[in-house]
Amino acid sequence: MNALLRIFGAPAILLVRSIGAVRRHGLDRRETMVQVVEFGSKSTLLIVSGLAFFGAVLVTIAWAQARKYTGNITVVGPAYFELMVREFAPLLVAVLAASRIGAAISAELASMSVNEQLEALELSAADPLAELVAPRLLGSLIALPALFIVGTVASAASASLVVTFAFGADGGAFTDARFVEAPDIVCAFVKAVLCGGFIPLAAAARGLEAKGGAPAVGEAVTRAVVDASMGCLLIDFVVAAAFILIGV
Amino acid sequence: MIRSLGASTLGLVRFTGALGLVLGRTAINLPRLSLRELMRTIVLFGYRSIPLALLAAMLIGSTVVLQAGIYADKFGARLYTGWAAGYALMREFGPLLLGLVMAARIGARNAAELALLSINGQIEGLRGISLDPFRILVAPRVIGSAIAITTLGSITFLVAVIFETIASYFSMNMPVRVFLTPFDEMLRASDLLGGLAKTLVFGLAIALVSTVSGLRARGGAAGVGRAAAAAVVASCAAIFTLDLLLTPFLTKVFS
């Protein structure tokens, strides 16, 4: 319970304080765009390749199940596709982004904090929360839904390519959007946005509190990545359960 | 464009070479492994990660059932829910998600520790007093993390199945006996072994990749951060790649 409070409490406090800091100091738009590029374009390769591989694996499993019990991929294909869009793509994009973005943010902020560059910022009348945390938060909020779209397209494309060329069946059967409805897409985007907000906050909370020398930086990165990925798993579970409870 | 392509290709080749070197020297040092260090690694990476693995198992198990339940109702295949949930858990999602979480926990920590030693020149120090760093530092870590992750994998599977059962009882009103029957009738030991084999390979990959990025770290506190971040990202990439390579292979071997 303590650990849970720690994972969500520090980012929540940081969120409130960052919003306050932005209202006092204003937001650096240029820095925000830099962060969007940093998170979005530099994570694209990892997320596209990861999700493309995952799509191929998922369709291999669907194929094995189809041959064993139902006989035809067109029966299980659409259901797997809905599952991919609604559940697995947001989850995997979030966990991958938690590693990539979370590690980058915490490493950067922790090494600044250890070298006392944050105090230097404060001395020059700049608020680290407005200058550093808020742009990263906004950047990740914009980048993650975009990464989710790219990742889903990559996984669907690789899945239908595998079906067509490796199994010799109709590749379109897998990407049949028969079951994909508006609530599925809303559910996926809610997950992407919530995780996109949570990852930079959790990472920044761990990065900012780093004190000491180089060991503190390593410790901060480890804790940040663990916090971010566990938090994303938890957020995904809660959102999925909530959407099922309200029955969509 | 071409310059950056060339640079990243060179980087990849260097990384692969370093990976091969670490793997080779670990294998050579296997017979004279430092047992004390091995035990320390298993406690540090395995025992200390149990709470995290349990939390991940709870979430994986409940999520898999919540999703499988929708389709079970849609296709009228409630009796198969147990099979679908168990198969998906052991063959795919258990190993994959555990691998990703452990890449964060074990990979980042291992890389940070080694990066620290390497930046402070302590690894040269070891060589200076004629101790082989691969024997007392690297080999125990690689073997220890692989053992730790595989063991955590089996615990994770067990806990996740328990939570699948609980979740199916509450979300689908499925009697425990009905949910668990397909485990007996339709799943085989080979499904479990296939999943554990995947976990073992992922564990080895995490250990090797994080060791290499830790040992290659250069340049102060920022270097430690960069090494840990690179270790997590590279481990995740390696896990997805290996997953793709292993799934068709394991389906053939264990089916």
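So, a few notes on the structure that sits alongside this text. On a predicted model such as this, the values are computed, not experimentally measured, just so you know. (Residues numbered from 1 in each chain as written. Chains lettered and ligands numbered in written order. Predicted model: local features only at pLDDT ≥ 70, side-chain atom pairs only at ≥ 80, totals over all residues. Heavy atoms only, no water.)

Counting its regular elements, chain A contains 7 helices and 0 strands. Counted from the first residue to the last, chain A has its helices and strands arranged as α-α-α-α-α-α-α. With respect to the principal axes defined by its C-alpha atoms, chain A has extents near 70 × 35 × 35 Å. Residues classed as buried in chain A amount to 57% of the 248 residues present. Pairs at least 24 residues apart make up 87% of the contacts formed inside chain A by residues separated by at least 6 positions. For chain A, the accessible surface area stands at approximately 9900 Å², while carbon and sulfur atoms represent 66% of it. Across chain A, the mean location of the 17 positive side-chain charges is 2 Å away from that of the 19 negative side-chain charges. (Helix = DSSP H or I, 4+ residues; strand = E, 2+ residues; numbered from the N terminus. Buried < 20%, exposed > 50% of the residue type's maximum accessible area, 1.4 Å probe, protein only. Contact = heavy atoms within 4.5 Å. Areas by Shrake-Rupley, 256 points an atom, 1.4 Å probe, with all protein chains shown as cover. Lys, Arg positive; Asp, Glu negative; His and termini not counted. Charge placed at Lys NZ, Arg CZ, Asp CG, Glu CD.)

Assigned secondary structure in chain B consists of 9 helices and 0 strands. Reading the secondary structure of chain B in the N-to-C direction produces α-α-α-α-α-α-α-α-α. Once the C-alpha set of chain B is aligned to its principal axes, its extents read approximately 65 × 50 × 35 Å. The buried share of chain B, taken over its 255 residues, is 54%. Carbon and sulfur atoms make up 70% of the accessible area of chain B, which amounts to about 11100 Å² in all. Across chain B, 22 positive and 11 negative side-chain charges occur, with their mean positions spaced 11 Å apart.

Turning to the layout of surface pockets, a few remarks are in order. Volume-wise, the largest pocket comes out at about 1500 Å³. Forming the walls of the largest pocket are 42 residues, and the residues nearest its centre are A:R100, B:A230, B:V233, B:A234 and B:A237. Going through the elements one at a time, helix 2 (29–70) and helix 3 (73–114) of chain A together with helix 1 (2–28), helix 8 (189–215) and helix 9 (220–253) of chain B are the ones with two or more residues in the lining of the largest pocket. In terms of residues, the lining of the largest pocket owes the most to one element, helix 9 of chain B, which gives 13 residues. The class makeup of the residues in the lining of the largest pocket is 22 nonpolar, 12 polar and 8 charged. (1 Å grid on protein atoms, 1.4 Å probe; cavity = no way out; pocket = protein on both sides within 12 Å on 5 of 7 lines; lining within 4 Å. Points joined across faces, edges and corners; volume = space filled by probe spheres on them. Nonpolar A, V, L, I, M, F, W, Y, C, P; charged D, E, K, R; others polar.)

Okay, the interface of chain B and chain A next. Contacts between chain B and chain A engage 45 residues on the former and 49 residues on the latter. For the pair chain B and chain A, the summed buried surface comes to about 4200 Å²; carbon and sulfur atoms form 82% of the total. Applying the counting criterion to the chain B and chain A interface returns 1 salt bridge. A salt bridge links B:R109 to A:E219, with the nearest nitrogen and oxygen atoms 3.5 Å apart. Scanning the region where chain B abuts chain A turns up 0 residue pairs in polar contact (both at pLDDT 80 or more). Where the side of chain B that touches chain A is concerned, the elements lending two or more residues are helix 3 (50–75), helix 4 (81–119) and helix 9 of chain B. For the side of chain B that touches chain A, the element with the highest residue contribution is helix 9 of chain B, accounting for 17 residues. Per-class residue counts for the side of chain B that touches chain A are 31 nonpolar, 7 polar and 7 charged. (Buried area = accessible area lost by both parts, 1.4 Å probe. Salt bridge = Lys/Arg side-chain N within 4 Å of Asp/Glu carboxyl O. Polar contact = N/O pair within 3.5 Å; in protein donor to acceptor, adjacent residues only side chain to side chain.)

None of the figures reported here should be taken as evidence of function without further support.
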